[in-house]
Amino acid sequence: MSFTGWFILFLIIQLIHFLGTWKLYVKAGRKAWEAAVPVYNAIVLLGIMKRPKWWVILLFIPTVNLIMFPVIWIETCRSFGFKSTKDSILAIVTLGFYIFYISYFNEPQYDQKRALKAPTTAGEWVSSIAFAIIAATIVHNYFIRPYVIPSSSLEKTLLVGDYLFVSKFHYGSRVPMTTVSLPMIHDSIPGLGTKSYLFSDDYENRKNSLINKLQLPYMRLPGLKKIKRNDIVVFGQPADTLRNMNILTSDRNYYKPVDKKTNLVKRCVGIAGDSLEIKDGYIYINGKRTVLPKSAKPQWNFIAYTKTGENLSNAELRNRYNVREGGKFNDDSGRFFLTLTDNEAEALRKNPKVEKVEKTNRPKGFYDPGIFPHNPKYAWSGDNFGPIYIPKKGATVELNAETIPFYKRIIQEYERNELTFFGDDIYINGKKANSYTFKQDYYWMMGDNRQNSLDARAWGYVPFDHVIGTPVMVWFSYDKDTRKVRWDRMFTTVSNGESKSYFWFGIAAALGIFAFVFMPKKKKTK
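Residues numbered from 1 in each chain as written. Predicted model: local features only at pLDDT ≥ 70, side-chain atom pairs only at ≥ 80, totals over all residues. Heavy atoms only, no water.

Asker: Looking at this model, I keep getting lost on the overall build of the protein. Mind explaining?
Answerer: Helices and strands together make up the secondary structure of the protein, namely twelve helices and 22 strands. Expressed along its principal axes, the backbone C-alpha trace of the protein runs to roughly 95 × 70 × 40 Å. For the protein, the residues scored as buried account for 47% of the 526 residues in total. Summed over all atoms, the accessible surface of the protein reaches about 27,800 Å², with 60% contributed by carbon and sulfur. Separation between the mean location of the 73 positive side-chain charges and that of the 46 negative ones in the protein comes to 10 Å. (Helix = DSSP H or I, 4+ residues; strand = E, 2+ residues; numbered from the N terminus. Buried < 20%, exposed > 50% of the residue type's maximum accessible area, 1.4 Å probe, protein only. Areas by Shrake-Rupley, 256 points an atom, 1.4 Å probe, with all protein chains shown as cover. Lys, Arg positive; Asp, Glu negative; His and termini not counted. Charge placed at Lys NZ, Arg CZ, Asp CG, Glu CD.)

Following this line, the structure appears as structure tokens:
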């Protein structure tokens, strides 16, 4: 829905509020017109309920307001003598329209001296839990959210089983776009596997779906910095759908809202405006081989051949050469398939048991149909790719049969234009187009585990509106293979420089929070 549509909906809600509450305003000694003035009417109502005026801010925060509206309905009922559990339930199940019944079919009296504490212990618990969820949702949506590393694409920098704190405010917090969703739950309800939000995933009808019209336009708060080359970034996977996340062709359509796509973490190797090329597995930006930060550990797949009669143990590979992926072939050839950095491969070559170690790069000219832009005109693979231009906001590119494979998805899906073809002619929103100007910045996200990472080489550019934030700390780490906690990684920072450990500070903070929340408190004496 556009801003105009949301403004009209806001006015309709204000009209409903006025019709349902103006009599109650009068009963509380206020003027009827005060129930009709947007925002001011909420401030006055909070005064009638004797609740903090700053609560009005919570009414305009997406997802948080889904919790606040029932709170306001219940508080309104209680302020006029309708305090029972039945009244609270009716207020919620009728979406607040129970207030009409109170106002027009009863003689409510304003309870100016009512106790602000819930009348029952259960009610007090519900109130406490509701505001705990509100506080956590605000932190989760706009400041810091937890994230777990599910794959080895950034292996040796971030490990599978690392639990991260991801900062949303570094690049600017993205305002939630899916307004009807469960707080703090991303795309599916744990244990049930069903969607945690309301959205029509049918492509043909999604644009006309009433529930989809409740999507907010893309908005982002100002950030502390811009994305730089080689930053580690958490983002929503552009190719993610509810049908099949692994079908990565240029003609497929998307069925998930932007803010509900599967979250991934990769390294941003190219920023908007860059020219990127991959030669024999190495990245070149604007013609120069990129220099990675100290924390980056790029890896490739190697085949190691042992000498006749010699063998390497898994323990030796793991402890001496830091091998975390791969192993021996299931034959008697004495070969090992291993994922290594260049330095680790060079060290392995010096092992007297090893005959040779070869990198498994695909040669230049090899065509991989799973590689962007999925077009045989471009015989590229994950090891030899490009050059390509990474679109920048405000930049204009020429459109023709050669360039359209790169920008089709941007024009049609990410920037929501109608794109049609008549022969060799390209039409955008019904007008013939020979060029296109981009509306936002795009980025190239790749894993350090170069040949074992599903990344931008498969789905292409990542739009800025898909960006979530950057990881700042590993707060817990668990190795599921050894079933052991990685204590040395707990409370360590994530940066392009040397990571720092705040283990004891983190443990002290966790114990302090536990004591504050769960330890019994002494009762105050008069």
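Asker: So what exactly am I meant to see when it comes to the sheet that holds strand S8 (residues 300-306) here?
Answerer: Across a sheet, paired strands are connected by hydrogen bonds in the backbone, their directions being either parallel or antiparallel. Reading across from one edge, S9-S10-S8-S11 is the order of the four strands in this open sheet, with antiparallel pairing throughout. Only two strands of the sheet have a single neighbouring strand rather than two, namely strand S9 (326-328) and strand S11 (354-359). Neighbour to neighbour, the strand axes of the sheet diverge by 20 degrees on average, direction disregarded. Examined bridge by bridge, S8 and strand S10 (residues 335-340) share six bridges and lie antiparallel to one another. Residue pairing in the sheet places Phe302 in a bridge with Leu338 of S10. Strands in contact with helix H9 (residues 342-349) are S8, S10 and S11; relative to S11, the strand with the most contacts, it is inclined by about 160 degrees. (Pairing = 2+ DSSP bridges. Axes fitted to C-alpha atoms, helices over the stretch in contact; angles between N-to-C directions. Contact = heavy atoms within 4.5 Å.)

Asker: Whenever I open this one, helix H8 (residues 314-321) confuses me. Can you help?
Answerer: Among all positions of H8, only Glu316, Leu317 and Tyr321 are buried. When H8 is viewed along its axis, its buried side chains cluster within an angular range of 100 degrees and face the same direction. Counted as exposed and oriented over 90 degrees from the buried face of H8: Asn314 and Asn319. Lining the buried residues of H8 we find S10 and H9. Taken from the residues just after H8, Asn322 is the one with a positive phi, measuring 60 degrees. (Arc of directions from axis to C-beta.)

Asker: Help me understand the packing of helix H1 (residues 3-27) against helix H2 (residues 40-48), please; the structure alone is not making it clear to me.
Answerer: One can describe the packing of H1 onto H2 by two numbers: an axis separation of 12 Å at closest approach and a directional angle of 35 degrees. Classified by chirality, the crossing of H2 by H1 is left-handed. Judged by residue contacts, Gln14, His17 and Tyr25 of H1 engage Asn41, Ala42, Val44, Leu45 and Ile48 from H2. Looking at side-chain class alone, the contact of H1 with H2 contains five nonpolar, three polar and no charged residues. (Left-handed = near helix turned anticlockwise from the far one by under 90°. Nonpolar A, V, L, I, M, F, W, Y, C, P; charged D, E, K, R; others polar.)

Asker: Explain the packing of helix H4 (residues 64-79) against helix H5 (residues 85-93) to me, please; I cannot follow it from the model alone.
Answerer: Working note: a packed helix pair is described by the angle between its axes plus the distance between those axes. Interaxial distance between H4 and H5 falls to 9 Å at its minimum, and their mutual angle equals 140 degrees. The pairing of H4 with H5 is recorded here as oblique in orientation. Here H4 runs over H5; the crossing is right-handed. Contact with H4, carried on its side by Pro70, Trp73, Ile74, Cys77 and Arg78, involves Ser88, Ala91 and Ile92 of H5 and no other residues of that element. In terms of residue class, the contact of H4 with H5 is made up of six nonpolar, one polar and one charged. (Parallel < 35°, antiparallel > 145°, perpendicular 65-115°, else oblique.)

Asker: Would you mind showing me how to read the side chain of Glu34 here?
Answerer: Looking at where Glu34 falls in the secondary structure, it is placed in the loop between H1 and H2. Here Glu34 falls in the buried class, since its relative accessible area comes to 5%. Separated by 2.7 Å, the side chains of Glu34 and Arg30 make a polar contact. When sequence neighbours within four positions are dropped, the list of residues in contact with Glu34 reads Tyr25, Tyr40, Asn41 and Val44. (Polar contact = N/O pair within 3.5 Å; in protein donor to acceptor, adjacent residues only side chain to side chain.)

Asker: Could you clarify how one ought to interpret the confidence of the model for the protein in this entry?
Answerer: Caution applies to low-pLDDT regions: their predicted coordinates should not be interpreted in detail. Of all residues in the protein, 91% have pLDDT values of 70 or greater, and the mean over the chain is 86. Throughout residues 242-252 the model reports pLDDT below 50, and contacts reaching past four residues in sequence, or to other chains, amount to 29 contacts. (pLDDT = per-residue confidence, 0-100.)

Asker: Before we go on, may I ask you to explain the nonpolar core in this structure?
Answerer: Soluble globular proteins tend to pack their nonpolar side chains together in the buried interior. Counting residues in hydrophobic clusters, the biggest one holds 45 residues, and the most contacted among them are Leu276, Phe385, Leu399, Tyr407, Trp444 and Tyr461. Looking at this core element by element, the count peaks at six residues for helix H10 (residues 404-414). Membership of the second largest hydrophobic core comes to 34 residues, among which are Leu24, Tyr25, Leu59 and Val71. (Core = buried A, V, L, I, M, F, W, Y, C linked by side-chain atoms within 4.5 Å.)

Asker: Can you walk me through unusual backbone geometry in this structure?
Answerer: With the exception of glycine, most residues fall at negative phi, and the peptide bonds are largely trans. In this structure, Pro373 follows Phe372 across a cis peptide bond, with omega equal to 5 degrees. Relative to the assigned elements, Pro373 resides in the loop between S11 and strand S12 (385-389). Following Gly386, the chain continues to Pro387 via a peptide bond in cis, the omega torsion being 10 degrees. Checked against the element boundaries, Pro387 lands in strand S12. In this structure, Val39 takes a positive phi of about 70 degrees despite not being glycine. Mapping Val39 onto the fold places it in the loop between H1 and H2.

Asker: How do you make sense of the pattern of salt bridges when you look at a structure like this?
Answerer: Pairing between side chains of opposite charge can happen when their charged atoms approach one another. Summed over the entire model, instances satisfying the criterion amount to 23 salt bridges. A salt bridge links Glu413 to Arg409, with the shortest nitrogen-to-oxygen separation between them at 3.5 Å. Of this pair, Glu413 and Arg409 both sit in helix H10, four residues apart, roughly one helical turn. A single burial state applies to Glu413 and to Arg409, both of which are buried. What emerges from the salt-bridge pattern is a single network uniting Asp162, Asp479, Arg486 and Arg489. (Salt bridge = Lys/Arg side-chain N within 4 Å of Asp/Glu carboxyl O.)

Asker: Mind showing me how you'd approach the environment of Tyr389 here?
Answerer: Within the element layout of this structure, Tyr389 appears in strand S12. For Tyr389, a relative accessible area of 26% corresponds to the partly exposed category. Remark: the alpha-carbon pair of Tyr389 and Leu348, spanning 41 residues in sequence, is separated by 37 Å. With near-sequence residues (within four places) excluded, Tyr389 lies in contact with Gly273, Asp274, Ala395, Val397, Tyr407, Phe438 and Tyr461.

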